[in-house]
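# Commentary on secondary and tertiary structure
Read off the chains here:
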Amino acid sequence: MGRLVQLQLVDASALAADAAVNRFVDDVLPADRGAITDASGTILATTVDAYDITADPTMFTPEQTKVPDAPQQAAALLAPVLGVDRAKLVAALSAPDRRYALLAGRRTPQTWTQVKELQAAFARQAGTATCRAQAAKVGKPADQGGRTAVDAGCANVLAGVFHRETSKRVYPAGGLASNVVGFVNAEGLGAGGLEQQYQAGLAGRDGRITYAQSGGRLVPTAGFHERAAVPGSDLRLTLDRDIQWAAQRAITDQVQAAGAEKGYVIVQDVRTGQVLAMATSPGFDANDLSKAAPSALGNPALQDAYEPGSTAKLMTMAAVLDTGTAAWDTHVTVPNTLHRADRLFHDDIDHPTWYLTLNGVLAKSSNIGTIEAAEHLGRTQQESNRVLHGYLQKFGIGVPTGLGFPGETQGILAKSADWKGSQQFTIPFGQGLSLNALQATSVYSTIANGGVRVEPTLVQGTTGPDGRFSPAPAPEQTRVVSEQTAKTLAQMLESVVSDEQGTGNAARIPGYRVAGKTGTANRVDPKTGRYSGYTASFIGFAPADKPRLTVSCTIQDPVNGHFGGQLCGPVFKQVMEFALKTLQVPPSGSAPPNLPVEWSPSP
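The chain is annotated in an unreviewed UniProt entry as Penicillin-binding protein 2 from Peterkaempfera bronchialis. Regarding the chain, the UniProt comment filed under Sequence similarities (unreviewed entry) reads as follows: "Belongs to the transpeptidase family." Here is the UniProt Subcellular location (unreviewed entry) comment for the chain, exactly as written: "Membrane".

### Topic: the state of the cysteines
Should the sulfur atoms of two cysteines be covalently bonded, the bond is a disulfide. Tallied over the full model, the rule gives 1 disulfide. The side chain of Cys 553 participates in a disulfide bridge whose partner is Cys 568; the two sulfur atoms lie 2.3 Å from each other. The chirality of the disulfide connecting Cys 553 with Cys 568 is left-handed, given an S-S dihedral of about -60 degrees. Taken together, the residues span a long stretch of sequence, with Cys 553 in strand 24 (residues 549-556) and Cys 568 in helix 20 (residues 564-582) at a distance of 15 residues. Like Cys 553, the residue Cys 568 is buried in the burial classification.

### Side note on the nonpolar core
Leu 237, Leu 358 and Leu 392 are the most contacted members of the largest nonpolar core, which has 86 residues in total. The contact partners of Leu 237, leaving out residues within four places of it in the chain, are Ile 36, Thr 37, Asp 38, Ala 39, Leu 44, Val 181, Leu 194, Leu 458, Val 459 and Gln 460. Counting residues in hydrophobic clusters, the runner-up holds 33 residues, among them Ala 247, Leu 276, Cys 553 and Leu 567.

### Comments concerning the packing of aromatic side chains
Applying the stated rule across the entire model yields 6 aromatic pairs. Judged by centre distance (6.3 Å) and plane angle (55 degrees), the ring pair of Trp 245 and Phe 578 falls under tilted. Placement of Trp 245 in helix 11 (residues 241-258) and of Phe 578 in helix 20 is noted, with a sequence separation of 333 residues between them. Accessibility expressed as a relative area gives 27% for Phe 578, which makes it partly exposed. Its end group placed over the ring of Phe 469, Arg 236 keeps NZ or CZ at 4.1 Å from the ring centre. The ring of Trp 354 has Lys 364 sitting right over it, with the charged end atom 4.4 Å from the ring centre.

### Let's talk about helix 18 (residues 437-448)
Its 12 residues place the ends of helix 18 17 Å apart at the C-alpha level, agreeing with the 16 Å of an ideal helix rising 1.5 Å per residue. Across the 12 residues that make up helix 18, a large majority, 12, are buried. For helix 18, the complete set of buried residues consists of Ala 437, Leu 438, Gln 439, Ala 440, Thr 441, Ser 442, Val 443, Tyr 444, Ser 445, Thr 446, Ile 447 and Ala 448. Here helix 18 starts with a cap whose side-chain oxygen sits 3.0 Å from the backbone nitrogen of Leu 438, and that cap is Asn 436. The positive-phi residue at the C-terminal boundary of helix 18 is Gly 450, with phi of around 75 degrees.

### Quick word on the sheet that holds strand 24
Taking strand neighbours across the sheet as the criterion, the 5 strands line up as 13-12-24-23-22 in an open arrangement whose pairing is antiparallel. The open sheet has two free edges, formed respectively by strand 13 (275-281) and strand 22 (515-524), since each of these has just one partner strand. If you compare each strand with its neighbour and ignore which way they point, the axes differ by 10 degrees on average. For strand 23 (residues 531-542) and strand 24, the ladder comprises 8 bridges, and the chain directions are antiparallel. Residue pairing across strands places Phe 538 opposite Cys 553, the latter belonging to strand 24. Where helix 19 (residues 483-498) meets the sheet, it contacts strand 22 and strand 23, and its direction lies at approximately 75 degrees from that of strand 22.

### A few points about unusual backbone geometry
The step from Ser 281 to Pro 282 runs through a cis peptide bond, and the omega angle for that step is 0 degrees. Relative to the helices and strands, Pro 282 resides in the loop between strand 13 and helix 12 (300-303). Residue Pro 543 is bonded to the preceding Ala 542 through a cis peptide linkage, with omega at -15 degrees. Counting through the fold element by element, Pro 543 comes out in the loop between strand 23 and strand 24. At Arg 106, a residue that is not glycine, the phi angle is positive and equals roughly 50 degrees. Looking at the element boundaries, Arg 106 is found in strand 4 (residues 101-107). Notably, Ala 177 is not glycine yet its phi reads approximately 60 degrees, a positive angle. As for its placement among the helices and strands, Ala 177 is situated in the loop between strand 5 (161-170) and helix 8 (178-181).

### Description of the confidence of the model for the chain
Summary statistics for the chain give a mean pLDDT of 89 and a share of 89% for residues scoring 70 or more. Contacts for the low-pLDDT stretch residues 138-152, under 50 throughout, to residues beyond four places or in other chains number 20 contacts.

### Quick look at the pairing of strand 23
Note on strand geometry: in a regular strand, side chains alternate between the two faces of the sheet. Here strand 22 pairs with strand 23 via 9 bridges, running antiparallel. Within strand 23, the position partnered with Thr 518 by the bridge is Phe 538. The hairpin turn running from strand 22 into strand 23, its antiparallel successor, is 6 residues long, and Gly 529 in that turn takes a positive phi close to 75 degrees. Once strand 23 ends, the chain turns through 6 residues before running back antiparallel as strand 24.

Parameters at a glance
- Residues numbered from 1 in each chain as written.
- Predicted model: local features only at pLDDT ≥ 70, side-chain atom pairs only at ≥ 80, totals over all residues.
- Heavy atoms only, no water.
- UniProt positions renumbered as here; feature names shortened; annotations may be inferred.
- Disulfide = S-S within 2.5 Å.
- Helix = DSSP H or I, 4+ residues; strand = E, 2+ residues; numbered from the N terminus.
- Buried < 20%, exposed > 50% of the residue type's maximum accessible area, 1.4 Å probe, protein only.
- Core = buried A, V, L, I, M, F, W, Y, C linked by side-chain atoms within 4.5 Å.
- Contact = heavy atoms within 4.5 Å.
- Phe/Tyr/Trp six-rings, centres within 6.5 Å; stacked < 30°, edge-to-face > 60°.
- Lys NZ or Arg CZ within 6 Å of the ring centre and 35° of its normal.
- Expected span 1.5 Å × (residues − 1).
- Polar contact = N/O pair within 3.5 Å; in protein donor to acceptor, adjacent residues only side chain to side chain.
- Pairing = 2+ DSSP bridges.
- Axes fitted to C-alpha atoms, helices over the stretch in contact; angles between N-to-C directions.
- pLDDT = per-residue confidence, 0-100.

Listed below in structure tokens is the structure:
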């Protein structure tokens, strides 16, 4: 009876406190995040084993440890191992009303091994004869040497530190395709690129486990309840690792050589719409975001809206040919200057009056000749504007590409009724409207594909936890111009590269017929909203007689040179040549048509 009174009345509070240390714990079982691979299965992003380093703050109180400053001592030991500020650790461990604290997330197995070694060192010390003798003095005056059990190093201030198995996102290819793949944040959630766009499918579904614990450890006889985690799905991309590498190397070298702000290269299969490479410079390594510039963490190939300049002339010529307004050999007289609305227009170079075919207008990239051709699309200027606007939209300008990529821009294309003043004459040669690099690439792929636009794709499909592969939905296909118009345009684009008067000679590839177009546009500075510097570009496809690939190169605000043929022509050649050999595309079997560029006026 006396013992019962002691338990229920005298020691009730102390016993209740001790019992509070033993209770059921509800914990999360993290799901394995799905991998991201290229088209051949090469891993671009995957998940590896890691550990969350946790603690039970109730085990760091003076009553539990017999140490007045256990949080401070533990923090001093853990800070250099975990790479976490000591003050943050002290705060996390000094919360006796909480049973759980995350000290450091997603640390390597080596880090947890270091923590265990520290704990083992304390355990070995506690087993010595000296510690056993000193343990009897805890709570009593210090011995004759002025020492207590704490001073003897016998208290294990790390006993309340535990680990939880989790995972860590790694990118084996480093910065390769990081602008497309994206990254995860400190919580393991997709925060950029495809990691963000496909967060739900990649993340899977976490499970839960409920178990009884004592001192932070499982009580095996108390039973537990578990709901298993469901792993995330793997994402297979259309990217080709080797072609991506070649594109990334080429654009990085040229951006540095040109002293440019940035640049991007896209490689697209003209038949399927699949993007085989999308490289940007500067880039970043998602394994260590602390070294990345904030401005480099996005994907400017999809997120930058820029005025394309002369590469957009292809769409104007498509409208002219497809409506029957003119033919490739229509004679066009091109003066040195042309007055329209409130402006006097010039070409890139001063010249005497040119007598060009419509093919020559494209080959020599004449702004004046393009204006003259476009203004005949309708009986009035307003009608011409409306016809051209319709074709621009069919080519995908001013509308989303269909990728749904985070932060992607659809560009800017005003309604034709709002084309006022000189804008209605600049739009035909690519100024006064804006697009992203994939939209520009898709225009040329449409012509290469016989006039049919195939919606661009970046993802082939997903592989679920059951191992079954689910292909992505088939891309939409839309006829933009007739097959004959596309064939004629392809031949005209060959003149840009093959004719000695063309602006794209640097893009020639021995053995292959190449069709393409240069672009040199005044650049709108996004910071000021004013024109400053240039956008240099080249877009083309090959083999021109049997198109397989489109490659686009865009360089923003270069310092060392600014013409598209000069800066992007060599990049196009390097990337296209590598891609054709990688895919084992046979060389052209015929010579280019060599359409006439000029005509001679009658004496």
